[in-house]
4 protein chains.
Amino acid sequence: MVKVAVVGASGYTGVELVRLLAAHPEAEITCLTARQNAGQAMASLFPSLLDRIDLICEEADAGAIAERADIAFTALPHQAAMGVVPDLLKAGCRVIDLSADYRLRDPEVYRAWYSEHGSPELLNESVYGLPEIYRDSVKKARLVANPGCYPTSVALALAPLLANELIDPATLVIDSKSGTSGAGRAAKVGSLFCEVNEAFKAYGVASHRHTPEIEQTLTDLAGSQVRVNFTPHLLPVNRGILSTCYATLRREHSTSDLLDLFRTHYRGEYFVRIHPQGSLPDVAYVRGSNFCDLGVVADSRTGRVIVVSVIDNLVKGAAGQAVQNMNVILGLPEHTGLGALPVFP
Amino acid sequence: MVKVAVVGASGYTGVELVRLLAAHPEAEITCLTARQNAGQAMASLFPSLLDRIDLICEEADAGAIAERADIAFTALPHQAAMGVVPDLLKAGCRVIDLSADYRLRDPEVYRAWYSEHGSPELLNESVYGLPEIYRDSVKKARLVANPGCYPTSVALALAPLLANELIDPATLVIDSKSGTSGAGRAAKVGSLFCEVNEAFKAYGVASHRHTPEIEQTLTDLAGSQVRVNFTPHLLPVNRGILSTCYATLRREHSTSDLLDLFRTHYRGEYFVRIHPQGSLPDVAYVRGSNFCDLGVVADSRTGRVIVVSVIDNLVKGAAGQAVQNMNVILGLPEHTGLGALPVFP
Amino acid sequence: MVKVAVVGASGYTGVELVRLLAAHPEAEITCLTARQNAGQAMASLFPSLLDRIDLICEEADAGAIAERADIAFTALPHQAAMGVVPDLLKAGCRVIDLSADYRLRDPEVYRAWYSEHGSPELLNESVYGLPEIYRDSVKKARLVANPGCYPTSVALALAPLLANELIDPATLVIDSKSGTSGAGRAAKVGSLFCEVNEAFKAYGVASHRHTPEIEQTLTDLAGSQVRVNFTPHLLPVNRGILSTCYATLRREHSTSDLLDLFRTHYRGEYFVRIHPQGSLPDVAYVRGSNFCDLGVVADSRTGRVIVVSVIDNLVKGAAGQAVQNMNVILGLPEHTGLGALPVFP
Amino acid sequence: MVKVAVVGASGYTGVELVRLLAAHPEAEITCLTARQNAGQAMASLFPSLLDRIDLICEEADAGAIAERADIAFTALPHQAAMGVVPDLLKAGCRVIDLSADYRLRDPEVYRAWYSEHGSPELLNESVYGLPEIYRDSVKKARLVANPGCYPTSVALALAPLLANELIDPATLVIDSKSGTSGAGRAAKVGSLFCEVNEAFKAYGVASHRHTPEIEQTLTDLAGSQVRVNFTPHLLPVNRGILSTCYATLRREHSTSDLLDLFRTHYRGEYFVRIHPQGSLPDVAYVRGSNFCDLGVVADSRTGRVIVVSVIDNLVKGAAGQAVQNMNVILGLPEHTGLGALPVFP
């Protein structure tokens, strides 16, 4: 039984970590922190936990956390995470960090898209926790940088094509759509029900901070520098990301051939599911689960391939992938505690 | 390991039974039937099951089902159920029927609200499967009539008040609101997205078929004939029922006293959660779970008590309660396979 | 052409006033104020107005407003309104106030449910602006207290029954459900998309501030003191209120007779529409319009009548009724500028 | 006063035509047809029209329609329209057809994407009714082919770029998202609330029938054959289309320069609104209106331009554009009857 802490438990990612870890047969939650809600019962913040989770939220103190937890999940905003993670490591915890702070290897890139980095020395050590691509590194990591939601959906969509050099990376266009829980639980006018419901918009066009993270992984896969257009949109749903990825094929392939390639590439991967030809994924069919569902179409008229990927942004895009990384580290089957089927409808 | 069949698997209740039974450590799904989709893979009807459920939907044949299953869950429309249930019983299955066909004890009442009953002799034998009220009878039942969604939410809200004779039953007003999955997966204009989204209406006012079912249980609890106004409304959400119940108190009680009474009444009930004073339940906080959350307020200005109850209509209102009934029958802890926390947000 | 100002233009009621007044053939908007957004173009706050409304939001200064406007619509929070309305009156404006500040005639009641009143001397002068009930008083009002959204839906539902003494007021139970725009545009966690979407809850049970306002009008109609249970709920839709009202009939009436009575009572009222027998109103069918649709059912089993009323909370429940009041004051046909049909779907 | 008929009034486009035409000062609706609902009051199909529209739906008979109407709006499914339109023309009506039947000039293309055409001789005569591009032809048209919703959003987004030869058409990628009213009011499982709500998917990838219509207009604008990837997605909103269009710029341009170009191109167009730099359109801000809002961003990192366009699919994407075409034909200001501001929220 591994003892775990959730640092920053009062957001949507926090409560999702608690939901998933409470169902995990090898993990015990021993500590929850939430600065603004310190002293309050977690179940009073989220009555979904009523009668089942009786932990009280605490202030985040690295020493106190490390005394009670082997692994700390840090679910803090970027820049807040880098204020806590180094201390947690020093105090002896393994850390699975769900912020953006340790995902980019190059501190210059971090500075360009975020700000000055507070602990750049950890960027070499941290491991990007996308097990389907970087599994071997994750196994021995002391600090896992849990991937962003959009980057997860994009990397899994494109890995088979880039790894097999089937597309011209310069032609990549990525059009993504995310549910609103991705914006967090902060009180902002733009996240109000009446602003999001019956609404739909693009945001962060040509400037979203997940762009360099996406490019870092795609560059690894392609073996050469990749630059993409990445356009996120805000969907009026609670959960779910769908990414529609376009690229020009280096030479003609049928949809059927490409699907075979995807199936081969992801053979044995529990969480990646390839839709049969003629079927396309829907965010509704992964809700609450750690699955990434993929659909592929080759368009012979234009010579492009279109890959559609869907995940639950709070699960495979955040808390679920974090638990999957914990399982990798602990040498457990990766779907331990993550086997529940999606909730439909 | 008990072998189970889901008869009528292609509706929302069917797929929810599959989701819950797949997570049940003591149950194995051996047979799925769906008349209109016979021959099709269940996972092609519901891609949420992709790669994890490989059963093919069959025609419903009682003998064939009984060969492979100890317990059959029948998730058919009322009147269709009574065409299959007697044969399943004869063939040796225990049956947990999720239709309305075996809930009303009096065939005259069934005739008045539905139509002529096809197997009235089973009405004496069938047990109304609301474990929190009729647990002892369920334990030895061969045929369980799984309660309706609205009646479950109402009976659990009012049981402590009626059993303790705190309210005048003649003053009961029940105002219920249900998510749209309660209307099923049939293609009807009234269930279209554009008709339900951004919409809200009452329906079946003074005439909904759950009225006699509600009255039957409340009459049991009160010990004398109860008649209620029951008004359902259609909510633009997938899942969830909220019932707001009003009654005049026989004598004054504080909210705090009433909450104590509720807590005492439901002590030891895993699935009934009482909100603390000042907090009221929300359907969002039971989503995907078998919980029934209750909130209570006494209004000294008018002498009434207001009880608010919420359930997930597909879980405690259908598939989850059916699995709970199976657990009762098998002598398992009632939350076996039903322990997952609600999915919020 | 009457010149009008909207004081407090940056909320949902404010932008709705601008939408309706822009379509009004006899009104010209000359001034918009919004304290926190002073200096910003109204169309930058609400791009729905792009290219068509070029007014800049100003600080609210009574003198400056009165120089440019004959009528001021004040769309401020309660207690903020009473800080501006007396000055506007003094400066010579007629005022149609959409806050709660001038609706309750008795300052003691205001104190009990809100706080100390700042200008109690105006409570005698102010006229409760529900034209279908208080039209004659509105005609000559200098200060109109525009009714609350819930009270409007309830008063119109019950007026024919109370005015004709058909029900026992002591048995009244009012169960209301409101779209989320009623909560305003303030950034609050409880109004976030992920908290409201796929959610539903009661709030303010036995304590909502619209209760005394409802009781004041029902008391006027009944001719004797009325106390009600009023329970509001939060609907996951942008716009719309539905109130389900229950009362015991003094003697038996058929649905058909009651509908005749409603039709007679509301003959000539442009904005009140009575559904034919067997049909019930839906908030979707009044969206964007000033209509109040009513449905009536008598339940002979319980001796109660159920009235269902729907309005668009931002129109008949706020901005539309305010414009209707302006039309009454100006002697215009009441539907001037309010004739657009509801937007469905 | 022009007399108009709506042929096929029982769908979402039909009721929207009625809503808009009822508000039109120069049009009088004299005839509504709806085959399956012949004999029923339009207001009983759509209670939004209660008390205000008293027309009864009739069978569609060309002669009877032409006797009462100068202009017929045909809102029928493709292939049904071509069974009625020739007769209406023969009987002397001008026809504004909202189906796809007369949009494609080349009957071979129609055959390839739809089926054999029944009246190919009319394809030469019919005018594609996108006034911002083909206004002069519309003025004298006897048969207007009202554009598809997706093609309208795409053509208006790309016209300034193609007309000024700023982009390489071979690089065009069009990612569109539509509200569910675009799927019509037919009872289909895929359009049910529980299938669309909290869901999001792509459909018709590389095969949607609007592709050749899009390409026809873009080819006109570019002056050479254009082929595009067009991917539609289904949004859980009632109304609204957002198209995100990507293309490689022939040479570098700043966002600011491109916005100037767009403003110049659309100078004087009432219904096209260009968002200022840094602001992007949202479907919520055009709801219920005939506006097309555009946002433009140049991405110097990749050399691409991204144009985001939004319309209300039932208004500028269907009924509103049809009324605009009528205004063009009648020589009225184009916004006659179409001046209402968007309904937000």
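Everything quoted here is computed from the prediction, not taken from an experiment. (Residues numbered from 1 in each chain as written. Chains lettered and ligands numbered in written order. Predicted model: local features only at pLDDT ≥ 70, side-chain atom pairs only at ≥ 80, totals over all residues. Heavy atoms only, no water.)

A. Local environment of the sheet that holds strand β3 (residues 57–58) of chain B. Residues and elements named next belong to chain B. Pairing is parallel across the open sheet formed by 7 strands, whose spatial order is β3-β2-β1-β4-β5-β7-β6. Two strands lie at the open edges of the sheet, namely β3 and β6 (127–128), each paired on one side alone. Where strand β1 (residues 2–7) meets strand β4 (residues 71–74), 4 bridges bridge the pair, whose relative direction is parallel. Each residue of the ladder has a partner; that of V4, found in β4, is I71. (Pairing = 2+ DSSP bridges. Helix = DSSP H or I, 4+ residues; strand = E, 2+ residues; numbered from the N terminus.)

B. Quick peek at the packing of aromatic side chains. For the structure on display, the rule yields 40 aromatic pairs over all chains. For the ring pair F344(C) and Y12(D), a centre distance of 6.2 Å and an interplane angle of 65 degrees mean the geometry is edge-to-face. One end of the pair, F344(C), is in the segment after α11 (315–330); the other, Y12(D), is in helix α1 (residues 12–22), on a second chain. Classification of F344(C) as buried rests on a relative accessible area of 1%. Judged by relative accessible area, which is 2%, Y12(D) ranks as buried. Among the aromatic residues, those joined into a cluster by ring pairs are Y12(A), F46(A), Y285(B) and F344(B). Above the face of the Y270(C) ring, R52(D) is positioned so that its terminal group lies 3.9 Å from the ring centre. R273(D) extends its terminal NZ or CZ atom over the ring of F291(D), reaching a point 3.9 Å from the ring centre. (Phe/Tyr/Trp six-rings, centres within 6.5 Å; stacked < 30°, edge-to-face > 60°. Buried < 20%, exposed > 50% of the residue type's maximum accessible area, 1.4 Å probe, protein only. Lys NZ or Arg CZ within 6 Å of the ring centre and 35° of its normal.)

C. Main features of the domain arrangement of chain A. Residues and elements named next belong to chain A. What the domain assignment lists for chain A is domain 1 (2–147 + 316–330) and domain 2 (150–313). Domain 1 and domain 2 are separated by 25 Å when their C-alpha centres are compared. Counting from both sides, the interface comprises 27 residues of domain 1 and, opposite them, 30 residues of domain 2. In total, domain 1 and domain 2 occlude about 2400 Å² of area from one another, counting both sides; carbon and sulfur atoms represent 50% of this. On the domain 1 side of the interface with domain 2, the three residues burying the most area are Y12, W113 and K316, jointly 29% of the side's total. At the surface where domain 1 touches domain 2, the tally comes to 4 salt bridges. Viewed at the interface, domain 2 and domain 1 are joined by 19 residue pairs in polar contact (both at pLDDT 80 or more). Going through the elements one at a time, α1 (12–22), α5 (107–113), α6 (131–139) and α11 (315–330) are the ones with two or more residues in the side of domain 1 that touches domain 2. Split by residue class, the side of domain 1 that touches domain 2 holds 13 nonpolar, 7 polar and 7 charged. (Domains from an automatic or database assignment. Contact = heavy atoms within 4.5 Å. Buried area = accessible area lost by both parts, 1.4 Å probe. Salt bridge = Lys/Arg side-chain N within 4 Å of Asp/Glu carboxyl O. Polar contact = N/O pair within 3.5 Å; in protein donor to acceptor, adjacent residues only side chain to side chain. Nonpolar A, V, L, I, M, F, W, Y, C, P; charged D, E, K, R; others polar.)

D. Structural detail: the interface of chain A and chain D. On the side of chain D, 49 residues touch chain A, which itself brings 49 residues to the contact. With both chains or domains summed, chain A and chain D bury close to 3900 Å², and 55% of this area falls on carbon and sulfur atoms. When residues of chain A are sorted by the area they lose upon contact with chain D, E198(A), F200(A) and R301(A) head the list and together hold 19% of the total. At the boundary of chain A with chain D, the tally comes to 4 salt bridges. Residues K177(A) and D175(D) are paired through a salt bridge, measuring 3.0 Å at the closest nitrogen-oxygen approach. Where chain A touches chain D, the interface holds 28 residue pairs in polar contact (both at pLDDT 80 or more).

E. Seen up close, the interface of chain D and chain B. At the interface, 19 residues of chain D touch 19 residues of chain B. Carbon and sulfur atoms make up 61% of the surface buried where chain D meets chain B, a total of about 1700 Å² over both sides. For E195(D), the salt bridge goes to R185(B), with nearest N and O atoms at 2.8 Å. Across the contact surface, chain D and chain B share 8 residue pairs in polar contact (both at pLDDT 80 or more).

F. Just the sheet that holds strand β8 (residues 173–178) of chain D, in detail. Residue and element names in this part refer to chain D. Spatially, β9-β10-β8-β11-β14-β13-β12 is the arrangement adopted by the 7 strands of the open sheet, whose pairing is mixed. Each edge of the open sheet carries a strand with a single partner, namely β9 (201–202) and β12 (272–274). Pairing geometry for strand β11 (residues 241–248) and strand β14 (residues 304–311), over 8 bridges, is antiparallel. When the sheet's bridge partners are listed, S243 is paired in β14 with S309. Relative to strand β13 (residues 292–299), helix α10 (residues 255–265) is tilted by about 150 degrees, and along the sheet it contacts β12, β13 and β14. (Axes fitted to C-alpha atoms, helices over the stretch in contact; angles between N-to-C directions.)

G. Region of the structure containing unusual backbone geometry. Here the residue pair F344(A) and P345(A) is connected by a cis peptide bond, since its omega of -5 degrees sits within 30 degrees of zero. For P345(A), the location among the structural elements is in the segment after α11. Backbone geometry places E198(B), a non-glycine residue, at a positive phi of 60 degrees. Tracing the chain through its elements places E198(B) in the loop between α8 (193–196) and β9 (201–202).

H. Quick peek at the relation of the copies chain D and chain B. Relative to chain B, chain D is turned by 180 degrees and slid 0.0 Å along the rotation axis, the superposed coordinates differing by an RMSD of 0.0 Å. The superposition operator between the copies reduces to a two-fold rotation axis. (Least-squares fit on C-alpha atoms with pLDDT ≥ 70 in both.)

I. The arrangement of the environment of A319(B) in detail. All names here are of chain B. Among the secondary structure elements, A319 is positioned in helix α11 (residues 315–330). For the pair A319 and S99, spaced 220 residues apart in sequence, the C-alpha to C-alpha distance is 11 Å. Leave out the neighbours within four places in its chain, and A319 touches T13, E16, L17, L20, L98 and L314.

J. Representation of helix α1 (residues 12–22) of chain C. For α1(C), a buried count of 9 out of 11 residues is recorded, marking the element as mostly surrounded by other parts of the structure. Buried residues of α1(C): Y12(C), G14(C), V15(C), E16(C), L17(C), V18(C), R19(C), L20(C) and L21(C), and no others. Buried positions along α1(C) lie against α8 (193–196) of chain A together with β1 (2–7), β2 (27–33), α2 (42–45), β4 (71–74) and α11 of chain C.

K. Highlighting the environment of H24(A). All names here are of chain A. Mapped onto the fold, H24 is located in the loop between α1 and β2 (27–33). H24 sits in the buried class, given a relative accessible area of 3%. With 23 residues separating them along the chain, H24 and M1 place their C-alpha atoms 9.8 Å apart.

L. Main features of the relation of the copies chain A and chain D. Taken as rigid bodies, chain A and chain D are interconverted by a rotation of 180 degrees and an axial shift of 0.0 Å, the fit giving an RMSD of 0.0 Å. An overlap of 100% is found between the interface residues of chain A and their copies at the interface of chain D, pointing to a shared contact surface.

M. View of the pairing of strand β11 (residues 241–248) of chain A. Residue and element names in this part refer to chain A. Judged by how many residues are buried, β11 sits mostly within the fold: 7 of 8 residues are covered. With 6 bridges connecting them, strand β8 (residues 173–178) and β11 associate as antiparallel partners. From the neighbouring strand, S176 faces β11, where its bridge partner is S243.

N. Structural view of the pairing of strand β10 (residues 229–234) of chain A. Residues and elements named next belong to chain A. The element β10 is extensively covered by neighbouring structure, given that 6 of its 6 residues are classed as buried. Neither face of β10 is open: one carries N229, T231 and H233, the other F230, P232 and L234, and all of them are buried. Bridge count between β8 and β10: 6 bridges; the pairing is parallel. Residue K177 lies in a different strand from β10, and its bridge partner there is H233. Summarising the sheet, strand β9 (residues 201–202) and β10 pair through 2 bridges and their orientation is antiparallel.

O. Representation of helix α7 (residues 149–163) of chain D within the structure. Residue and element names in this part refer to chain D. The end-to-end C-alpha separation of α7 is 21 Å, in line with the 21 Å expected for 15 residues at 1.5 Å each. For α7, the principal kink sits at A157 and spans about 35 degrees; a proline, P160, occurs within the next four residues. Burial within α7 is extensive, with 14 of its 15 residues counted as buried. Following α7 by one or two positions, E165 has its phi on the positive side, about 55 degrees. (Expected span 1.5 Å × (residues − 1). Bend = angle between axes of the 7 residues up to and from the residue.)

P. The packing of helix α6 (residues 131–139) of chain D against helix α11 (residues 315–330) of chain D, seen in detail. All names here are of chain D. Packing of α6 against α11 brings their axes to within 10 Å, and their N-to-C directions diverge by 40 degrees. By the criterion of interaxial angle, the relationship of α6 to α11 is oblique. The chirality of how α6 crosses α11 is right-handed. Where α6 approaches α11, its residues P131, E132, R135, V138 and K139 are matched on the opposing element by K316, Q321, Q324, N325, V328 and I329. In terms of residue class, the contact of α6 with α11 is built from 4 nonpolar, 3 polar and 4 charged. (Parallel < 35°, antiparallel > 145°, perpendicular 65-115°, else oblique. Left-handed = near helix turned anticlockwise from the far one by under 90°.)

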